[in-house]
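Here is how the chains run, residue by residue.
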Amino acid sequence: MRGTTMAIEPTLAILSGKGGTGKTLVSVNLASVAKKATYIDCDVEEPNGNLFFNPTKEFGKLVTVKKPVVDDALCDGCHICVDFCAFNALALIGNRLMIFDDICHSCGGCLHVCPQKALSEQESPVGEMSIGQSGTVRSISGYMNIGESSGVPIIAELLKHKDDGLTIIDAPPGSSCLVTESVRLSDFCILIAEPTIFGSHNLAMVYSLVSLLGKPCAVVLNKTMEGGNPSEEFCIKNSIPIIGRIPFDKKLGSLNSVGKIVAREDEHYHEVFSSILKKALEEVRS
Amino acid sequence: MIIAIPSDKESLDSAVCVSFGRSPFYCLYDTETKQSTFLVNSAADSPGGAGIKAAQILVDNKANILITIRCGENAARVLQPANVELFKALNLSVADNIFAHAQNKLEPLKEVHAGYHNGH
């Protein structure tokens, strides 16, 4: 190690176009078969990675965002902030400024443009996050408060705690802003797909997102069965590498449904996920 | 008194737009001068907060009455303190709704919806 710095290991993001395809299954198991890994559960609307890891709780904090508040005595109703706000979170009726917190994206622009310095910011809680350990896995997880409109600030907070070791990001389903934020720091994306026509449409959607973001990717086919697989056909047509196939298997389903990490319980599945991780890391390096 | 009506087209025989915040135009009818003008709704293609911005546009244009098929709660929160009265539009043209209002044939709009906001 003399004179060298520690190598930065890759960050792999696990995505799918819809819920229930196996993102958490793959994420949790990939993190578990690595020598050492950090798992980040970015599905802050429905985090369930910790149901599998059941980690120790070593760190926890509230996640807050800044929302503008107006001093009515200073506001002269000039309308500049209302015209400036790209999200239409402000309205001015008479000389009274109305602030719609749910619409506000906490950009702080209104404070900046106000000639009267009538606006200030106040911290507003939107959720919480925690870090814990489960065997060789450091698990980082966030939770969005019920009724909040965006989990993006919570995901941004989770990503601040990422280190230089191997990191597995369990992304939210779909191709929304939440997903874009989740994969921002990833070196490589693994797309999980089901063997149905619906599954192939969801795969196409998320493939289009990662292509747009310029992220290299590969596919893991989940719940594979005898017969045709529209998701596999999509991969062949678009020359997307397939780095794993997880069969539709009752044993896997039973273990997973009671919160067991299959790679820790079953040697065969330890092999299956080790092989997926190995292939993913080869793809990253190629 | 100024009556505002969301309209699909820039004409009095246009249908009333089913959306308030994302209506392409608003007809502004002045009951004193009997003149109508059409505003292009700059809020129509906002990614979010269209109802708030649209309501602000109508308030800035001194609308006193809004005849609409529906209205979201954020827009209503802007319109209410500005004392804009809300009426439920009939399934008729913009002109016929203005006429129906003059005949006191329109019901107040009783319900505002929670909006059709997408995830961010």
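Everything below is about the structure printed above this text.
First, a word on scope: everything that follows refers to the structure included in this document.

Calculation criteria
- Residues numbered from 1 in each chain as written.
- Chains lettered and ligands numbered in written order.
- Predicted model: local features only at pLDDT ≥ 70, side-chain atom pairs only at ≥ 80, totals over all residues.
- Heavy atoms only, no water.
- Helix = DSSP H or I, 4+ residues; strand = E, 2+ residues; numbered from the N terminus.
- Buried < 20%, exposed > 50% of the residue type's maximum accessible area, 1.4 Å probe, protein only.
- Contact = heavy atoms within 4.5 Å.
- Lys, Arg positive; Asp, Glu negative; His and termini not counted.
- Charge placed at Lys NZ, Arg CZ, Asp CG, Glu CD.
- Arc of directions from axis to C-beta.
- Salt bridge = Lys/Arg side-chain N within 4 Å of Asp/Glu carboxyl O.
- Polar contact = N/O pair within 3.5 Å; in protein donor to acceptor, adjacent residues only side chain to side chain.
- Pairing = 2+ DSSP bridges.
- Axes fitted to C-alpha atoms, helices over the stretch in contact; angles between N-to-C directions.
- 1 Å grid on protein atoms, 1.4 Å probe; cavity = no way out; pocket = protein on both sides within 12 Å on 5 of 7 lines; lining within 4 Å.
- Points joined across faces, edges and corners; volume = space filled by probe spheres on them.
- Nonpolar A, V, L, I, M, F, W, Y, C, P; charged D, E, K, R; others polar.
- Core = buried A, V, L, I, M, F, W, Y, C linked by side-chain atoms within 4.5 Å.

Some remarks on the overall build of chain A
Piece 1. From N to C terminus, chain A includes 11 helices and 11 strands.
Piece 2. Its C-alpha atoms give chain A principal-axis dimensions of about 70 × 45 × 45 Å.
Piece 3. By residue count, 49% of the 286 residues in chain A fall in the buried class.
Piece 4. Of the contacts formed within chain A by residues at least 6 apart in sequence, a portion of 72% connects residues at least 24 apart.
Piece 5. The centroid of the 26 positive side-chain charges in chain A is displaced by 6 Å from the centroid of its 33 negative side-chain charges.

With respect to helix α3 (residues 94-102) of chain B
Residues and elements named next belong to chain B.
Piece 1. Among all positions in α3, only Val94, Asn97, Ile98, Ala100 and His101 are buried. Along the long axis of α3, the arc covered by the buried residues comes to 160 degrees, so they all point the same way. Opposite the buried face of α3, at more than 90 degrees from it, the exposed residues are Phe99 and Ala102.
Piece 2. Next to the buried residues of α3 lie β1 (2-7), β2 (25-30), β4 (65-68) and β5 (85-88).
Piece 3. Once α3 finishes, asparagine 104 follows within two positions and takes phi at roughly 55 degrees, a positive value.

Quick word on the interface of chain B and chain A
Piece 1. At the interface, 15 residues of chain B touch 18 residues of chain A.
Piece 2. The interface formed by chain B and chain A contains 0 salt bridges.
Piece 3. Across the chain B-chain A interface, the total number found is 6 residue pairs in polar contact (both at pLDDT 80 or more).
Piece 4. Among the secondary structure elements, those contributing two or more residues to the side of chain B that touches chain A are α1 (50-60) and α2 (73-79) of chain B.
Piece 5. The dominant element in the side of chain B that touches chain A, judged by the number of residues it contributes, is α1(B), at 6 residues.

Here we look at the sheet that holds strand β11 (residues 242-247) of chain A
All names here are of chain A.
Piece 1. Within the open sheet, the 9 strands sit side by side as β3-β6-β7-β2-β8-β1-β9-β10-β11. Their pairing is mixed. Looking at strand neighbours, the two that pair on one side only are β3 (59-70) and β11, the edges of this open sheet. Averaged over all adjacent pairs, the angle separating strand axes in this sheet is 20 degrees, with direction ignored.
Piece 2. With respect to the sheet, helix α1 (residues 23-33) is in contact with β1 (11-15), β2 (37-41), β7 (137-144), β8 (167-170), β9 (188-193), β10 (217-224) and β11, its orientation differing from that of β8 by roughly 165 degrees.

Observations concerning the layout of surface pockets
Residues and elements named next belong to chain A.
Piece 1. Each pocket or cavity is described by its volume, and for the second largest pocket that value is around 460 Å³.
Piece 2. Along the wall of the second largest pocket there are 24 residues; nearest its centre are Gly20, Thr21, Gly22, Leu25 and Asn256.
Piece 3. Put simply, the parts of the chain that give the lining of the second largest pocket at least two residues each are α1, β10, β11 and α9 (250-257).
Piece 4. The element best represented in the lining of the second largest pocket is α9, accounting for 4 residues.
Piece 5. Per-class residue counts for the lining of the second largest pocket are 8 nonpolar, 9 polar and 7 charged.

Section: the packing of helix α7 (residues 197-212) of chain A against helix α8 (residues 230-237) of chain A
Residues and elements named next belong to chain A.
Piece 1. Close contact between α7 and α8 brings their axes to 7 Å; oriented N to C, the two are set at 35 degrees. Within the contact between the two elements, α7 uses Ile197, Gly199, Ser200, Leu203, Ala204 and Tyr207 and α8 uses Pro230, Ser231, Phe234 and Cys235.
Piece 2. Classifying every residue of the contact of α7 with α8 gives 7 nonpolar, 3 polar and no charged.

Points about the nonpolar core
Piece 1. By size, the foremost hydrophobic cluster in this structure holds 41 residues, and its most contacted members are A:Leu90, A:Leu97, B:Phe20, B:Leu58, B:Leu66, B:Val78 and B:Leu79.
Piece 2. Mapped by element, the contributors of at least two residues to this core are α3 (80-84), β4 (90-93) and β5 (96-99) of chain A together with β1, β2, α1 and α2 of chain B.
Piece 3. The element best represented in this core is α1(B), accounting for 6 residues.
Piece 4. Ignoring anything within four residues of it in the chain, the contact list for B:Leu79 reads B:Phe20, B:Ala55, B:Val59, B:Leu66, B:Cys71, B:Val84 and B:Leu86.

Some details on the sheet that holds β4(B)
All names here are of chain B.
Piece 1. Taken together, the 5 strands give an open sheet; going across it, the order is β3-β2-β1-β4-β5, and neighbouring strands pair in mixed fashion. Sheet topology places β3 (35-40) and β5 at the edges, where each strand pairs with a single neighbour. The average angle at which neighbouring strand axes cross in this sheet is 25 degrees, direction not considered.
Piece 2. Two elements, β1 and β2, share 6 bridges in a ladder whose sense is antiparallel. Within β2, the position partnered with isoleucine 2 by the bridge is aspartate 30.
Piece 3. The sheet contacts of α3 involve β1, β2, β4 and β5, and relative to β1 the element is tilted by about 145 degrees.

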